[in-house]
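Residue-level structural notes
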Amino acid sequence: MKPSQSAAIALGSNMGDSYKTLEAAIDTLAKIPGIILQAKSSWYRTKAVGPPQPDYLNGCAIFQVEIPPVLLLEALLRTEKKFGRVRREQWGPRSLDLDLLLYDDIIMDTPHLQIPHPRMRSRAFVLIPLVEIAPDWVEPISQRVIRDLASEVDCSGVHLLNSI
Ligand SMILES: Nc1ncnc2c1ncn2[C@@H]1O[C@H](COP(=O)(O)O)[C@@H](O)[C@H]1O
Ligand SMILES: Nc1nc2c(c(=O)[nH]1)N=C(COP(=O)(O)OP(=O)(O)O)CN2
């Protein structure tokens, strides 16, 4: 493996003090050896996609990583647990959701890990924050840059909370 790669992570929360949780989750990830924070987006208040539930707070971060994708996923799952994530229904409310969106230009499709995240290309709550910090990153399945993907989603349910 190369000395360092870039990974894009999506963060979301709609239970508890979401702002505090998301900020603390980024700090927690950045303290893990082999994970270095490079950029974080603004936070956005977003209408929930899926079953009726409270609005989410969403954002994205880019990390320089020196660990492989599976170890990075394990670190994300550990961090979700630390912040009280209990797995109930799919697409249901959660204190913290961390998704691995992109890892350099890797394409991976295993039962436990798909990269790029399979639903990222259609999600305004992912693409609107991500375009702030990675407009030129090429999503390797569509071969399109984030800027173009973001320009095509309906962003009516995505509202800026604070600027970077
Ligand atoms: N790219 C991925 N990022 C996060 N989790 C992933 C990814 N690909 C597969 N998974 C699996 O999904 C569940 C977590 O689901 P959520 O409801 O989105 O938290 C996890 O067990 C991963 O193995
Ligand atoms: N606005 C908004 N809506 C959402 C959000 C989110 O972060 N923001 N996350 C979801 C993801 O649900 P889940 O993690 O169960 O599914 P996934 O594997 O498709 O990410 C479902 N709906």
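Residues numbered from 1 in each chain as written. Chains lettered and ligands numbered in written order. Predicted model: local features only at pLDDT ≥ 70, side-chain atom pairs only at ≥ 80, totals over all residues. Heavy atoms only, no water.

1. Section: the pattern of salt bridges
With the rule as written, the count across this model stands at 6 salt bridges. Salt-bridge contacts for Lys 47 lead to Asp 55; the nearest nitrogen and oxygen are separated by 3.2 Å. The exposure class assigned to Asp 55 is partly exposed, which follows from its relative accessible area of 28%. (Salt bridge = Lys/Arg side-chain N within 4 Å of Asp/Glu carboxyl O. Buried < 20%, exposed > 50% of the residue type's maximum accessible area, 1.4 Å probe, protein only.)

2. Comments concerning the pairing of strand E1 (residues 5–13)
Where burial is concerned, most of E1 is hidden: 8 out of the 9 residues are buried. Bridge count for E1 against strand E4 (residues 56–65) is 9 bridges, and the pairing is antiparallel. Across the sheet, Ser 13 pairs through a bridge with Leu 57, a residue of E4. Sheet topology places E1 next to strand E5 (residues 97–103); 6 bridges connect them, and they run antiparallel. (Helix = DSSP H or I, 4+ residues; strand = E, 2+ residues; numbered from the N terminus. Pairing = 2+ DSSP bridges.)

3. Examining helix H2 (residues 69–82)
With 14 residues, H2 extends 20 Å between its outermost C-alpha atoms, agreeing within 8% with the 20 Å of an ideal straight helix rising 1.5 Å per residue. Taken as a whole, H2 has its buried residues at Pro 69, Leu 72, Leu 73, Ala 75, Leu 76, Thr 79 and Glu 80. The arc that holds every buried residue of H2, seen down its axis, measures 160°, which confines them to one face. Structural note: H2 exposes Lys 81 and Lys 82 on the side pointing more than 90 degrees away from its buried face. Phi turns positive one or two residues past the end of H2, at Gly 84, with a value near 85°. (Expected span 1.5 Å × (residues − 1). Arc of directions from axis to C-beta.)

4. What about the confidence of the model for the protein?
Caution is warranted with low-pLDDT regions, since their predicted coordinates should not be read in detail. When the pLDDT values of the protein are averaged, the result is 93; 92% of them are 70 or greater. For this predicted complex, the interface confidence reaches an ipTM of 0.96, while the overall pTM sits at 0.95. (pLDDT = per-residue confidence, 0-100.)

5. Focus on the nonpolar core
Within the largest apolar cluster, 26 residues are counted, with the highest numbers of intra-cluster contacts made by Leu 11, Ile 35, Leu 72 and Leu 100. Residue assignment for this core shows that the elements contributing at least two residues are E1, helix H1 (18–30), E4, H2 and E5. Ignoring any residue separated from it by four or fewer positions in sequence, one finds Leu 100 in contact with Ala 7, Ala 8, Ile 9, Pro 69, Leu 72, Leu 76, Leu 113, Gln 114, Ile 115 and His 117. Ile 62, Leu 102, Met 120 and Leu 130 belong to the second largest nonpolar core, which has 22 residues in total. (Core = buried A, V, L, I, M, F, W, Y, C linked by side-chain atoms within 4.5 Å. Contact = heavy atoms within 4.5 Å.)

6. Overview of unusual backbone geometry
A cis amide bond, omega -5°, links Ile 115 with the succeeding residue Pro 116. Tracing the chain through its elements places Pro 116 in the loop between strand E7 (114–115) and helix H3 (124–133). Phi at Asp 104 is positive, roughly 45°, even though this residue is not glycine. Locating Asp 104 in the fold gives a position in the loop between E5 and strand E6 (108–109). By relative accessible area, Asp 104 is classed as buried at 17%. Its identity is not glycine, yet Gln 143 carries a phi of approximately 60°, on the positive side. Tracing the backbone through its elements, the reader meets Gln 143 in the loop between strand E8 (138–139) and strand E9 (144–145).

7. Thoughts on the packing of H1 against H2
Where H1 meets H2, the axes come as close as 10 Å, and the angle between the chain directions of the two elements is 135°. On the basis of their axis angle, the class for H1 and H2 is oblique. The handedness of the crossing between H1 and H2 comes out as right-handed. Residue-level inspection shows Ala 25, Thr 28 and Leu 29 of H1 in contact with H2, the latter providing Ala 75, Leu 76, Thr 79 and Lys 82. Classifying every residue of the contact of H1 with H2 gives 4 nonpolar, 2 polar and 1 charged. (Axes fitted to C-alpha atoms, helices over the stretch in contact; angles between N-to-C directions. Parallel < 35°, antiparallel > 145°, perpendicular 65-115°, else oblique. Left-handed = near helix turned anticlockwise from the far one by under 90°. Nonpolar A, V, L, I, M, F, W, Y, C, P; charged D, E, K, R; others polar.)

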